[in-house]
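Here is what each chain is made of, one letter per residue.
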Amino acid sequence: MEKAKASVAKNAVYQTIYNVLATITPLITTPIISRELGPEKLGVFSYTLTVSNYFTIFAMLGVVNYGTRSIAEATDSSEVSKRFWCIYAIQGFMSVVCIALYLLYVMLFVPANTIIFVVQTFWILSALFDVNWFFFGLEEFKITVTRNIIIKFLTVISIVLFVRKGHNPLLVYTLIMAGGNFISVISILPLLKSRLIWYKPEWSDIKKHIKPIFVLFIPLLSGVLFGSMDKLMLGSMSEYEQLGYYYNADRIINIPLTVISGVSTVLFPRISAMISQDKREESLVFISRSYDIVIWMAVLLSFGIAGCAKEFVSVFFGSGYEKCVPIIYIMTPLLLINAVCMFYRMQYLVPFHHDKLYAWALFIGTVVNLSLNFPLIFAYKALGAAVATLVAQIVVMIIQFKRHEGVDIRHWLFILVKYVILGFCMFIVMRWLSKIIDNTMSALMIEVLVGGLSYFLLSLLYWKIAGGLNDKISLIRK
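In what follows, the accompanying structure is described. Quantities reported herein were computed from a predicted structural model and do not represent experimental measurements.

**Looking at the overall build of the protein chain**
No. 1: A count of helices and strands for the protein chain gives 17 helices and 0 strands.
No. 2: For 478 residues, the compact-globule estimate of 2.2 N^0.38 gives 23 Å, and the protein chain sits close to it at 22 Å.
No. 3: The C-alpha extent of the protein chain, read off along each of the three principal axes, is 65 × 65 × 40 Å.
No. 4: Residues classed as buried in the protein chain amount to 55% of the 478 residues present.
No. 5: Contacts spanning at least 24 positions in sequence make up 85% of the contacts within the protein chain whose residues lie at least 6 apart.
No. 6: Of the roughly 21000 Å² of accessible surface on the protein chain, a fraction of 70% belongs to carbon and sulfur atoms.
No. 7: When the 40 positive and 27 negative side-chain charges of the protein chain are each reduced to one mean point, those points stand 2 Å apart.

This is how it looks when you write it as structure tokens:
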């Protein structure tokens, strides 16, 4: 097997196709799930999924980021195989341990919703077989994307057909989601045979990978705590109904974030490979130019969601979810801040091996989030959890940018501000439209179309004046 690099453009197309699908499918399934489950059952699903995710993260440790980087930096097929088997040995051992511990936890400490907890075991079982990081390192995104698209399609069909009131919709939905993810993971395993040479891992080789995996595990754990502690604490300190509101609002914010993460996923192995080949300056230029496009997308999505939040909740969630709207307004800036943080750590901190700062930033953010959650959730419930998460993510962003050698922070800030101005103009247009159109469904459709068009035209006008249009076209073609 030769390590052949696909173009960034092709990989971006593959990943974007999947991420667009991942963005669209919840628009199909969310109205069904919200109506059939209701806020309380949706809260139960969110709570049990959060608990199982903690065990999953310990099973995977920092394997995804470290494995991707390690495979991308390997120079030949034998080195690729050796690194894979050593890293997977660690992943396999931890996964088996975590599956056993999770089942023990369910038997000893779960008094209610036991069946739902058991079905969520499929998420941890998936960690045992998840080798997507190997294909990410080889930049073979087409393989993972095509299979994920098929499974995603089947998952949507299953939700539409089988999640119905009176037929235990919570159990059915949980089984579809957890089981679908498991099938997606194992479907890729047969493709390893043609890309790997068997190598029996020796302890002396395995232990070389343990420390860096754990170094990257610390920020990963902090990130999971950061992203799920609010739900866990909200479910413990408040009603499941409040968690249901928060879960839907958080989901709406995170759906478009998959598009941003897809771009970062594609760029990460390429930048890691460039740095390993001593192309530091070239990689910094590539990162800066990519940042412009990522921020453009993030502003479009964040201000777009804010502009149609009220109509979106009414159309897609139905009656009883009105309390999601103010939560979405508070969390909208979180999408933009998350996009900046995700891009910077995946394209700069991790490829340049600034793992400790990455870990430190997320650890401090987790502490801030945890500290603010107690008083704010107690006083304001779901709204308080949203505020705590927003403040903590701002802290993470500030800490991450402490290391910025070769990065023009002022220029990056200018890029952010100019697109925020364009995004705010789009937001004003969308809210104006909502006031002159009475029908909610019509208002939503027109807001999305006209708002998106206005942002795109304003961007084209700015790029034409500033002379950046040709630069963006050439970057996409690379």
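**Some points on the packing of helix H7 (residues 141–162) against helix H8 (residues 169–186)**
No. 1: Close contact between H7 and H8 brings their axes to 10 Å; oriented N to C, the two are set at 165 degrees. Judged by the inter-axis angle, H7 sits roughly antiparallel to H8. Like other packed secondary-structure pairs, H7 and H8 cross with a definite hand, here right-handed. Across the interface between the two elements, Asn148, Ile151, Thr155, Ser158, Ile159 and Phe162 of H7 pack against Val172, Tyr173, Ile176, Met177, Gly180, Ile183 and Ser184 of H8.

**Examining the pattern of salt bridges**
No. 1: Evaluation of the coordinates by the stated rule reveals 9 salt bridges.
No. 2: A salt bridge links Glu140 to Arg195, with the nearest nitrogen and oxygen atoms 2.8 Å apart. Residue Glu140 is found in the loop between helix H6 (132–137) and H7, and its partner Arg195 is found in the loop between H8 and helix H9 (203–237); the two are separated by 55 residues along the sequence.
No. 3: Given the relative accessible area of 22%, Glu140 is considered partly exposed.
No. 4: With a shortest N-O distance of 3.1 Å, Arg431 and Glu311 are connected by a salt bridge. Linking Arg431 in helix H15 (residues 409–436) with Glu311 in helix H11 (residues 280–317), this pair joins segments that are 120 residues apart in sequence.
No. 5: Judged by relative accessible area, Arg431 falls into the buried class, the value being 17%.
No. 6: Taking the relative accessible area as the measure of exposure, Glu311 reaches 8% and is therefore buried.
No. 7: Members of the salt-bridge network, linked through shared partners, are Lys82, Asp205 and Lys208.

**Let's talk about unusual backbone geometry**
No. 1: Not every positive phi belongs to a glycine, and Asn113 is a case in point at roughly 55 degrees.
No. 2: With respect to the helices and strands, the residue Asn113 is situated in the loop between helix H3 (77–109) and helix H4 (114–119).
No. 3: By relative accessible area, which is 31% here, Asn113 ends up partly exposed.
No. 4: Notably, Glu139 is not glycine yet its phi reads approximately 60 degrees, a positive angle.
No. 5: Along the chain, Glu139 turns up in the loop between H6 and H7.
No. 6: With relative accessibility at 1%, the residue Glu139 sits in the buried group.

**A word on the packing of helix H2 (residues 63–73) against H3**
No. 1: H3 packs onto H2 with a crossing angle of 170 degrees between their chain directions and a minimal axis gap of 9 Å. Taken together, H2 and H3 sit at an angle that is classed as roughly antiparallel. Residues Val63, Tyr66, Gly67, Ser70, Ile71 and Glu73 of H2 pack against Val80, Arg83, Phe84, Ile87 and Gln91 of H3.
No. 2: In the contact of H2 with H3, the residues fall into 6 nonpolar, 3 polar and 2 charged.

**Quick notes on H2**
No. 1: Most of H2 is tucked away: 9 of the 11 residues are buried.
No. 2: Taken residue by residue, H2 has Val63, Asn65, Tyr66, Gly67, Thr68, Arg69, Ser70, Ile71 and Ala72 as its buried positions.

**Digging into the packing of aromatic side chains**
No. 1: In this structure the tally under the stated criterion is 30 aromatic pairs.
No. 2: Relative to Phe217, the ring of Phe214 has its centre 6.1 Å away and its plane inclined at 85 degrees; by these criteria the two rings are edge-to-face. With Phe214 and Phe217 both in helix H9 and 3 residues apart, this pair spans about one turn of that helix.
No. 3: Residue Phe214 is classed as partly exposed on the basis of its relative accessible area, which comes to 36%.
No. 4: A relative accessible area of 6% means that Phe217 is categorised as buried.
No. 5: Taken together, the ring pairs connect Phe84, Trp85, Tyr88, Trp133, Phe134, Phe135 and Trp198 into an aromatic cluster.

**Things to note about the nonpolar core**
Note on soluble globular proteins: their nonpolar side chains tend to be buried together.
No. 1: By size, the foremost hydrophobic cluster in this structure holds 142 residues, and its most contacted members are Phe84, Phe134 and Tyr419.
No. 2: Residue contributions to this core peak at 19 residues, all from H11.
No. 3: Leave out the neighbours within four places in its chain, and Phe84 touches Ile71, Val131, Trp133, Phe134, Leu192 and Leu196.

**Overview of the side chain of Asn338**
No. 1: Secondary-structure assignment places Asn338 in helix H12 (residues 324–349).
No. 2: Judged by its relative accessible area of 14%, Asn338 falls in the buried class.
No. 3: Dropping the residues within four chain positions of it, Asn338 is found in contact with Leu257 and Gln393.

**Here's the deal with the environment of Tyr245**
No. 1: Assignment of secondary structure puts Tyr245 in helix H10 (residues 240–276).
No. 2: Put simply, Tyr245 and Thr389 are 144 residues apart on the chain and 15 Å apart in space, counted from C-alpha to C-alpha.
No. 3: If we skip the residues at most four places from it in the chain, Tyr245 touches Pro39, Gly320, Tyr321, Lys323, Cys324 and Ile327.
No. 4: A polar side-chain atom of Tyr245 sits 3.0 Å from a polar atom in the side chain of Glu241.

Rules behind the numbers
- Residues numbered from 1 in each chain as written.
- Predicted model: local features only at pLDDT ≥ 70, side-chain atom pairs only at ≥ 80, totals over all residues.
- Heavy atoms only, no water.
- Helix = DSSP H or I, 4+ residues; strand = E, 2+ residues; numbered from the N terminus.
- Rg over C-alpha atoms; globule rule 2.2 N^0.38 Å.
- Buried < 20%, exposed > 50% of the residue type's maximum accessible area, 1.4 Å probe, protein only.
- Contact = heavy atoms within 4.5 Å.
- Areas by Shrake-Rupley, 256 points an atom, 1.4 Å probe, with all protein chains shown as cover.
- Lys, Arg positive; Asp, Glu negative; His and termini not counted.
- Charge placed at Lys NZ, Arg CZ, Asp CG, Glu CD.
- Axes fitted to C-alpha atoms, helices over the stretch in contact; angles between N-to-C directions.
- Parallel < 35°, antiparallel > 145°, perpendicular 65-115°, else oblique.
- Left-handed = near helix turned anticlockwise from the far one by under 90°.
- Salt bridge = Lys/Arg side-chain N within 4 Å of Asp/Glu carboxyl O.
- Nonpolar A, V, L, I, M, F, W, Y, C, P; charged D, E, K, R; others polar.
- Phe/Tyr/Trp six-rings, centres within 6.5 Å; stacked < 30°, edge-to-face > 60°.
- Core = buried A, V, L, I, M, F, W, Y, C linked by side-chain atoms within 4.5 Å.
- Polar contact = N/O pair within 3.5 Å; in protein donor to acceptor, adjacent residues only side chain to side chain.

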